[in-house]
Amino acid sequence: MKPTIAIREPVVDDLMDQTEKSLTEDQIEKVINEVIDQETGVRLQTYVNTCIHCGLCSEACHWFLSNDRDVSFAPVTKVKDTIWVMLEKKGKVDAAFIKRCSQIAHTECNVCRRCGMYCPFGIDIAYMMLVVRRICAKLEMVPLYLQDTVNSHAATMNQMWVKPDEWIDTLQWQEEEGQGYVPSARLPLEKEGAEIMYSVIGPEPKFLAQLLGNITVIMNVAGCDWTMPATAGWDNSNMAMYSGDFEVMARVERLHHETAQRLKVKKIVMGECGHAFRGGEYDGPTWLGWMSPPIPIVHAVAFYYDLLVSGRIKIAKKVEGPVTAQYPCNIIRNAGLGSKLRYIMNAVCEDFVDLVPNDRHAFCCNAGGDTINCGPPWKKIRVQSARLQSENFKRTGAHTIVTPCHNCHSGVEDIVDGYKLGMHVKFFSELLIEAMEIPEDLQA
Amino acid sequence: MYEFVSGPLVWIAFIIFIGGSLYKIYHMLSGAKKDMTLFRHMSLGHSAASLIHWLIPFNNQSMRKRPIFTIVSFAFHICLIFTPIFLLGHLILLDESLNISWWSLPEGVADWMTIIVIAGCIFYLVRRLTDPVVQNVTDGSDYLLLAITALPFITGFIAYHQLFAYKTILILHILTGEIMLIAIPFTRLSHMLFFVFTRALFGSEQGYWKHSKDW
């Protein structure tokens, strides 16, 4: 089979360029065969032997559709240019090939699992891309910025090199911010036996600290018995899950769950992040052999839904004007929270304008699956390949796009900037804070 | 020659087809056991729900998006499977040799169904040659599989209508049919065996494990 012609602008990625020079073909062959023999088994084999090369998956992929149906972005092409060659040549490939594999699997695929939903046989192409990432990660062929976050996870157990004192300091600062709304509000640290452990991703204390203030207000108004850990284990994000470094992924997930167990909580509620939910709910427990999380994990969307349905949070004044929402793949297509997201959007917005297509058929923000963490070198093609979703946003005519996911938030901000949509991008908690009723006895 | 292809070779072809298929499925299932997560991700209900949505035309988003492909695919696969099983000519041979028989298709209907299979193969061939995505992932094996599928029907059609060289064409028809049977478990025609399992896994992962749907 002839190699696919893929025209790309040259990208300088220091780590990938350096790894390309140092990798030997023996190393590559050994790692490819090791992963294929020991980690994939019949699943990969059956997928490859069942695929009839019909190309129907291409219709599902926003990379393919946004790039004027460029064949080199079609899901089946991504499999052809990576796994098929590795299997056919039994791992005898060169470093330049592995670099291209990393480019395809890390920077040109969000492992959003939409294509699996359009394959007549249900072949999970995202799974195959994760196998490619696994091979690349074992060969240290990972985009520099992404590897940096993985190193941070490995060294500090959080994504952003947040130091222990900075973490506690940020929480106390945000407790005070919350007290601006509700003077009696507390952000309880290390409260053993609380009902809820609240966990967030590294970027929240690093540069989105106001979200911690928001949750302080929400938890206190709703009267929740909650706590946050003062130790490592507070970060629920997991970039290693996406780079392919599953050993680090497992360490991060284990510590997150063990921290909740140490605090003897009944459930973990996590902030608005999709991949973190995927890591805590599925990928982490599966890799660790637990299968399901030892302590139930509740995503913010489901948590807000419960608070609104039970009346623990009441809405005083709905947000005016048309507002739309991005459907994060990892909590909608891959966790079924679509109807809950629509419920909470309708509950806080006067005019919620839904996306077309919506729910599990909605398109990825094109930042997910780590592509945004691949950093500035890979940004141009990422934003260019989100054209389809930018058109979907534009059609809604909304003034604000709600993104209950950190990856989506940053990705949609890039879309709004890149395509000059002139829309605001907000987390759901930012809307909720504006719209919710603060009972008189709690008011400042 | 006729005696050989219509006698021992038929037995050999069916033994390889059935034996090979069972072996392939056994091999897959025993390999799947080694993967600690696979079976624990499976659920009968969600597998069935997924299969139902994908075995009924236009019952999922993907099929609705491509109506022509959907119609052609369903017509092609239905005719491909049912024409040989319910063809009067085949049943007469079966009755003569093994004394078993079942309901048969009216000859005119079977003739049209054969034409649909051949037309389907032409559709797939044209698609392979013209659709850039499909073209890019097509190699010799894809054309070979298409030929293996089409030839029994083309030769069958010629033989039934006795268009020319009846005896030779008949031998070719039997031979190509046998090649197809033998090829099923050992080529990507095995999607006939495996699609149930890949579908069930994805349906289960989406439905049972991730509380979503895959259609």
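About the cut-offs
- Residues numbered from 1 in each chain as written.
- Chains lettered and ligands numbered in written order.
- Predicted model: local features only at pLDDT ≥ 70, side-chain atom pairs only at ≥ 80, totals over all residues.
- Heavy atoms only, no water.
- Helix = DSSP H or I, 4+ residues; strand = E, 2+ residues; numbered from the N terminus.
- Rg over C-alpha atoms; globule rule 2.2 N^0.38 Å.
- Buried < 20%, exposed > 50% of the residue type's maximum accessible area, 1.4 Å probe, protein only.
- Contact = heavy atoms within 4.5 Å.
- Areas by Shrake-Rupley, 256 points an atom, 1.4 Å probe, with all protein chains shown as cover.
- Lys, Arg positive; Asp, Glu negative; His and termini not counted.
- Charge placed at Lys NZ, Arg CZ, Asp CG, Glu CD.
- Salt bridge = Lys/Arg side-chain N within 4 Å of Asp/Glu carboxyl O.
- Pairing = 2+ DSSP bridges.
- Axes fitted to C-alpha atoms, helices over the stretch in contact; angles between N-to-C directions.
- Buried area = accessible area lost by both parts, 1.4 Å probe.
- Polar contact = N/O pair within 3.5 Å; in protein donor to acceptor, adjacent residues only side chain to side chain.
- Nonpolar A, V, L, I, M, F, W, Y, C, P; charged D, E, K, R; others polar.
- Right-handed = clockwise from strand over helix to strand, strands pointing away.
- Expected span 1.5 Å × (residues − 1).
- Bend = angle between axes of the 7 residues up to and from the residue.
- Domains from an automatic or database assignment.
- Phe/Tyr/Trp six-rings, centres within 6.5 Å; stacked < 30°, edge-to-face > 60°.
- Lys NZ or Arg CZ within 6 Å of the ring centre and 35° of its normal.

Details of the overall build of chain A
A count of helices and strands for chain A gives 19 helices and eight strands. A compact globule built from 444 residues would reach a C-alpha radius of gyration of about 22 Å, and chain A, at 22 Å, matches this within 12%. Along the longest, intermediate and shortest principal axes, the C-alpha atoms of chain A span 70 × 45 × 35 Å. The burial tally for chain A puts 65% of its 444 residues in the buried class. Across chain A, contacts joining residues at least 24 apart in sequence account for 82% of those joining residues at least 6 apart. Carbon together with sulfur atoms contributes 51% to the accessible area of chain A, which is approximately 15,800 Å² in total. Here chain A carries 45 positive and 56 negative side-chain charges, and the mean point of each set is 5 Å from the other.

Overview of the pattern of salt bridges
Residues and elements named next belong to chain A. Considering all chains together, one arrives at 35 salt bridges over all chains under this definition. With a shortest N-O distance of 3.8 Å, glutamate 108 and arginine 100 are connected by a salt bridge. Between glutamate 320 and lysine 317 there is a salt bridge, with its nearest N and O atoms 2.8 Å apart. We classify glutamate 320 as partly exposed; its relative accessible area is 47%.

Quick look at the sheet that holds strand β4 (residues 297–299) of chain A
Residues and elements named next belong to chain A. The four strands are arranged β2-β1-β3-β4 in an open sheet whose pairing can be described as parallel. Taken across any chain shown, the strands that pair with only one partner, and hence form the sheet edges, are β2 (226–227) and β4. Lying over the sheet, helix α14 (residues 300–309) contacts β1 (196–199), β3 (267–270) and β4, oriented at roughly 80° with respect to β4.

Quick notes on the interface of chain A and chain B
Taken residue by residue, the interface counts 47 residues in chain A and 44 residues in chain B. Of the roughly 4,100 Å² buried between chain A and chain B on both sides combined, carbon and sulfur atoms contribute 59%. Counting every contact that joins chain A to chain B gives three salt bridges. In this structure, arginine 43 of chain A and glutamate 205 of chain B form a salt bridge, with 3.0 Å as the shortest nitrogen-oxygen distance. In this assembly, chain A and chain B are joined by 24 residue pairs in polar contact (both at pLDDT 80 or more). Residue assignment for the side of chain A that touches chain B shows that the elements contributing at least two residues are α2 (25–50), α4 (75–88) and α13 (274–288) of chain A. Ranked by residues supplied to the side of chain A that touches chain B, first place goes to α2 of chain A with nine residues. Split into classes, the residues belonging to the side of chain A that touches chain B amount to 22 nonpolar, 17 polar and eight charged.

So, the sheet that holds strand β6 (residues 349–352) of chain A
Residue and element names in this part refer to chain A. As summarised here, the arrangement of the four strands in space is β6-β5-β7-β8, forming an open sheet in which the pairing is parallel. Only two strands of the sheet have a single neighbouring strand rather than two, namely β6 and β8 (424–426). Strand-to-strand twist across the sheet, computed as the mean angle between neighbouring axes with direction ignored, equals 40°. Lying over the sheet, helix α15 (residues 338–348) contacts β5 (319–325), β6 and β7 (400–402), oriented at roughly 125° with respect to β6. Against the sheet, helix α18 (residues 406–418) makes contact with β7 and β8, and its axis sits at roughly 180° relative to β8, the strand it touches most.

Section: the environment of valine 131 of chain A
All names here are of chain A. On the secondary structure map, valine 131 appears in helix α6 (residues 125–138). For valine 131, a relative accessible area of 6% gives the class buried. Along the sequence, valine 131 and arginine 342 sit 211 residues apart, while their C-alpha atoms lie 34 Å from each other.

Structural notes on the pairing of β6 of chain A
All names here are of chain A. In terms of strand pairing, β5 meets β6 through three bridges, oriented parallel. Residue pairing across strands places valine 319 opposite cysteine 349, the latter belonging to β6. In the classification by handedness, the crossover that spans β5, the intervening α15 and the parallel β6 is right-handed.

Quick word on the side chain of aspartate 111 of chain B
All names here are of chain B. Inspection of the secondary structure assignment puts aspartate 111 in helix α7 (residues 107–130). For the buried residue aspartate 111, which engages in no salt bridge, the nearest side chain bearing the opposite charge is lysine 167, 20 Å off. With residues up to four places along the chain from it excluded, the contact list for aspartate 111 reads Phe157, Tyr160 and His161.

Observations regarding α4 of chain A
When the terminal C-alpha atoms of α4 of chain A are compared, their 19 Å separation across 14 residues agrees well with the 20 Å that a helix rising 1.5 Å per residue should span. Its maximal kink placed at aspartate 81 of chain A, α4 of chain A deviates by approximately 30°. Of all the 14 residues making up α4 of chain A, 11 are buried; the element is thus mostly covered by neighbouring parts of the structure. For α4 of chain A, the full list of buried residues reads Pro75, Val76, Thr77, Lys78, Val79, Lys80, Asp81, Thr82, Ile83, Trp84 and Met86 of chain A. Check the buried side of α4 of chain A and you find it contacts α2, α3 (62–66), α5 (95–107) and α6 of chain A together with α8 (132–136) of chain B. Remark: lysine 90 of chain A follows α4 of chain A within two positions and exhibits a positive phi of approximately 50°.

With respect to the domain arrangement of chain A
Residues and elements named next belong to chain A. In terms of domain boundaries, chain A breaks down into domain 1 (14–144), domain 2 (159–305) and domain 3 (314–435). A separation of 32 Å is found between the C-alpha centroids of domain 1 and domain 2. Across the boundary between the two partners, domain 1 contributes nine residues, which contact nine residues of domain 2. Summing both partners gives a buried area of about 700 Å² for domain 1 against domain 2, and 50% of it is carried by carbon and sulfur. Sorting the residues of domain 1 by area buried against domain 2 places Leu130, Arg133 and Arg134 first, and these three jointly supply 59% of that buried surface. With a closest N to O distance of 2.8 Å, glutamate 247 and arginine 134 form a salt bridge. Linking domain 1 with domain 2 are five residue pairs in polar contact (both at pLDDT 80 or more). Ranked by residues supplied to the side of domain 1 that touches domain 2, first place goes to α6 with four residues. Tallied by class, the residues present in the side of domain 1 that touches domain 2 amount to four nonpolar, one polar and four charged.

So, the packing of aromatic side chains
Summed over all chains, the structure comprises 17 aromatic pairs over all chains. Taken together, a centroid distance of 6.2 Å and an interplanar angle of 75° make the contact between tyrosine 198 of chain A and tryptophan 226 of chain A edge-to-face. Residue tyrosine 198 of chain A is located in strand β1, and its partner tryptophan 226 of chain A is located in strand β2; the two are separated by 28 residues in the primary sequence. When sorted by exposure, tyrosine 198 of chain A lands in the same class as tryptophan 226 of chain A, which is buried. Taken together, the ring pairs in this structure connect Phe69, Phe76, Phe123 and Tyr124 of chain B into an aromatic cluster. Above the ring of tyrosine 127 of chain A, the side-chain terminus of arginine 43 of chain A is found at 4.2 Å from the ring centroid. The ring centre of phenylalanine 363 of chain A lies 3.9 Å from the NZ or CZ of arginine 114 of chain A, which sits over that ring.

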